[in-house]
Amino acid sequence: MEEKALEVYDVIRSIRDPEKPSTLEELDVVTESCVEVREFREEEYLIIIKFSPTVPHCSLATLIGLCLQVKLQRCLPFKHKLEIYVSEGTHSTEEDINKQINDKERVAAAMENPNLREIVEQCVTEPDD
């Protein structure tokens, strides 16, 4: 599973922060240890990501979670179920954020908003794309 976890980390490490000119990896929002992968059916994996916003009141934590969702859904070459969480104790509204970023209908609705979609695209697009 470690190989799959590294594959997942390689996809998310280059996502850019919505506010800063840095990647989530550079800001320690995501690290290799924040990715867990378990096989739950043959050739189907559960991916759990626990990210740490830069400050406990980060207003863009939900947007960061959305970027993680979008990039992984687009880029992973294997069947998977995705769970994304704010690391425990790292945000003042972590429960609300966790509900939002793991609700498929809310994610789909957010991506229908042209302004949000544009921000997400800027964050998830690789610099050489």
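Structural notes, computed from the coordinates.

Scoring rules and cut-offs
- Residues numbered from 1 in each chain as written.
- Predicted model: local features only at pLDDT ≥ 70, side-chain atom pairs only at ≥ 80, totals over all residues.
- Heavy atoms only, no water.
- Helix = DSSP H or I, 4+ residues; strand = E, 2+ residues; numbered from the N terminus.
- Buried < 20%, exposed > 50% of the residue type's maximum accessible area, 1.4 Å probe, protein only.
- Contact = heavy atoms within 4.5 Å.
- Polar contact = N/O pair within 3.5 Å; in protein donor to acceptor, adjacent residues only side chain to side chain.
- 1 Å grid on protein atoms, 1.4 Å probe; cavity = no way out; pocket = protein on both sides within 12 Å on 5 of 7 lines; lining within 4 Å.
- Points joined across faces, edges and corners; volume = space filled by probe spheres on them.
- Nonpolar A, V, L, I, M, F, W, Y, C, P; charged D, E, K, R; others polar.

Some thoughts on the environment of Ser 14
Reasoning step 1: Locating Ser 14 in the fold gives a position in the loop between helix 1 (2-12) and strand 1 (35-41).
Reasoning step 2: Accessibility expressed as a relative area gives 17% for Ser 14, which makes it buried.
Reasoning step 3: Sequence-wise, Ser 14 and Leu 24 are 10 residues apart; in three dimensions their C-alpha atoms are separated by 6.6 Å.
Reasoning step 4: With residues near it in sequence (within four places) discarded, Ser 14 still touches Thr 23, Lys 71, Cys 123 and Glu 126.
Reasoning step 5: Within polar-contact distance, the side chain of Ser 14 engages the side chain of Glu 126 at 2.7 Å.

Here's the deal with the layout of surface pockets
Reasoning step 1: Counted as a void, the largest pocket has a volume near 290 Å³.
Reasoning step 2: Taken together, 13 residues make up the lining of the largest pocket; nearest its centre are Gln 69, Gln 73, Leu 82, Lys 104 and Val 107.
Reasoning step 3: Counting residues per element, the ones that place at least two in the lining of the largest pocket are helix 2 (61-75), strand 3 (79-86) and helix 4 (104-112).
Reasoning step 4: Per-element tally for the lining of the largest pocket: the top contributor is helix 2, with four residues.
Reasoning step 5: Here the lining of the largest pocket is composed, by residue class, of five nonpolar, four polar and four charged.

Function cannot be read off these values alone, since they describe shape.
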